[in-house]
Amino acid sequence: MLDATLDAIMKQMAANPAPKLWEVAPPQARAMFSAMRDMFESKGIAIGKVDSVEIPGPGGPLAARLYTPVGMAGRVTPACVYYHGGGWVIGDLDTHDGICRMLANESGCRIVAVDYRLAPESKFPAAFDDAYAALVWTAANATDHSINPNRIAVAGDSAGGNLAAAVALHARAKGPKVAFQALIYPVTQARADTASMHELATGYFLEKASMDWFCDQYLDPGADLSDPRLSPLAAKDVSGAAPAFVLVAGFDPLKDEGKQYAAKLKAAGVQADLVEFDTMVHGFLGMSGVVPQAAEAVRQIGKAMARALD
């Protein structure tokens, strides 16, 4: 059963309909998403320190934020490179600031949040290339930022989970070593045709039409949907990937592909813990101001990350 608070919010939204993401231009969609996150996310989450950093990217400098957990200033810690969600089209450092603050504190890791290039201005594989560049930079500059270079994780939600999974696969051969991956309601197959994608196509924040629009913005016509940089679930071999924590939501069109990827990792001998928040919707980690399950989910991810990187 859908969480009562979320059910009430969605009924209120249905009674006062706003334009859908796919009905507006990307700049307006970004503004709408930012306004929604500002409405639902907790404010003033304590953090040890936040530093603005610049990462050299293949298409130019990338803005990033380095979050130091409370009580960890001056201490060497593991790190997690975090990729924000938003269908490769929307979202930024501000929309995911609350999640990064909570995850830093719960995991005891420094979080490197990266503002990768967005579509349609930058098509696939721009976001992936930036995501991988951020991992490489974090490992190469670990000592300068009190990071243990042998204890680096990747994480992300939605499209960010897609980037984290793809980077984790890519880094197996190319390096640097990824010690853990946290995939939060991830996109694992572009243009997925799953039961949940159809059964939950409308009415639960993320809709199938939004996913189609995101893919239209991110991909050139005729893009190879089996490219593992785009669709980790389509990778022929996922053995040797980093241990994973995969979180899915019960009322999320992406639920099935998240579960399928966790099963694929397990079948290849990769440790993969699957956790389902069965009363939640896609994007609920960004709703910590209205649903307590958001903070609980981040707590579980953080504890799993801390154990893996200990």
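Above this note sits the structure.
Residues numbered from 1 in each chain as written. Predicted model: local features only at pLDDT ≥ 70, side-chain atom pairs only at ≥ 80, totals over all residues. Heavy atoms only, no water.

Further remarks concern helix α4 (residues 126-140). Along its 15 residues, α4 runs 21 Å from first to last C-alpha, staying within 8% of the 21 Å computed at 1.5 Å per residue. All of the buried residues along α4 are Ala126, Ala127, Phe128, Asp130, Ala131, Tyr132, Ala133, Ala134, Leu135, Trp137, Thr138 and Ala139. (Helix = DSSP H or I, 4+ residues; strand = E, 2+ residues; numbered from the N terminus. Expected span 1.5 Å × (residues − 1). Buried < 20%, exposed > 50% of the residue type's maximum accessible area, 1.4 Å probe, protein only.)

So, on to the nonpolar core. Nonpolar side chains in soluble globular proteins tend to end up buried together. Core analysis: the biggest nonpolar cluster contains 70 residues, and Tyr83, Trp88, Leu135, Val154, Leu163, Phe214 and Tyr218 have the highest contact counts within it. With near-sequence residues (within four places) excluded, Phe214 lies in contact with Leu21, Gly86, Gly87, Trp88, Val89, Ile90 and Leu206. Ile47, Ile99, Ala104 and Tyr185 belong to the second-largest nonpolar core, a separate cluster that totals 46 residues. (Core = buried A, V, L, I, M, F, W, Y, C linked by side-chain atoms within 4.5 Å. Contact = heavy atoms within 4.5 Å.)

Another point: the environment of Tyr218. Note on placement: Tyr218 falls in helix α7 (residues 208-218). Judged by its relative accessible area of 1%, Tyr218 is buried. As a C-alpha pair, Tyr218 and Val81 span 137 residues in sequence and 22 Å in three-dimensional space. Those residues in contact with Tyr218, other than ones at most four positions away along the chain, are Trp88, Ala119, Ser122, Lys123, Phe124, Ala127, Phe128, Leu163 and Leu230.

Extensive coverage of strand β7 (residues 244-251) is indicated by the burial of 8 of its 8 residues. The pairing of β7 with strand β8 (residues 272-281) spans 7 bridges and is classified as parallel. Considered in β8, the bridge of Phe251 is made with Val281. With helix α8 (residues 255-267) bridging β7 and the parallel β8, this β-α-β connection has right-handed handedness. (Pairing = 2+ DSSP bridges. Right-handed = clockwise from strand over helix to strand, strands pointing away.)

What follows deals with the packing of helix α3 (residues 97-107) against helix α9 (residues 292-309). What describes two packed helices is the angle between their axes and the distance between those same axes. Contact geometry for α3 and α9: axes closest at 8 Å, N-to-C directions at 45 degrees. As the angle between them shows, α3 and α9 are arranged oblique. The two elements α3 and α9 cross, and the hand of that crossing is right-handed. Counting all contacts with α3, which are made through Met102, Leu103, Glu106 and Ser107, the residues of α9 involved are Ala295, Val298, Arg299, Ile301, Gly302, Lys303, Met305 and Ala306. In terms of residue class, the contact of α3 with α9 is made up of 7 nonpolar, 2 polar and 3 charged. (Axes fitted to C-alpha atoms, helices over the stretch in contact; angles between N-to-C directions. Parallel < 35°, antiparallel > 145°, perpendicular 65-115°, else oblique. Left-handed = near helix turned anticlockwise from the far one by under 90°. Nonpolar A, V, L, I, M, F, W, Y, C, P; charged D, E, K, R; others polar.)

We now examine the pattern of salt bridges. Per the counting criterion, the structure on display carries 15 salt bridges. In this structure, the salt-bridge partner of Glu276 is Lys259, at a minimum N-O distance of 2.9 Å. Remark: Lys259 occurs in helix α8 and Glu276 occurs in strand β8; sequence separation between them is 17 residues. Given the relative accessible area of 33%, Glu276 is considered partly exposed. According to the relative accessible area criterion, Lys259 is partly exposed, its value standing at 29%. One salt bridge connects Arg299 with Glu296, and the closest N-O pair in it is separated by 2.9 Å. Taken together, the residues Arg299 and Glu296, both in helix α9 and 3 residues apart, mark about one turn of the helix. Assessed through its relative accessible area of 34%, Arg299 is described here as partly exposed. What makes Glu296 partly exposed here is its relative accessible area of 28%. Shared partners join several salt bridges into a network, and the residues in it are Arg65, Asp94, Asp97 and Arg101. (Salt bridge = Lys/Arg side-chain N within 4 Å of Asp/Glu carboxyl O.)

So yeah, pure geometry; function would need other evidence.
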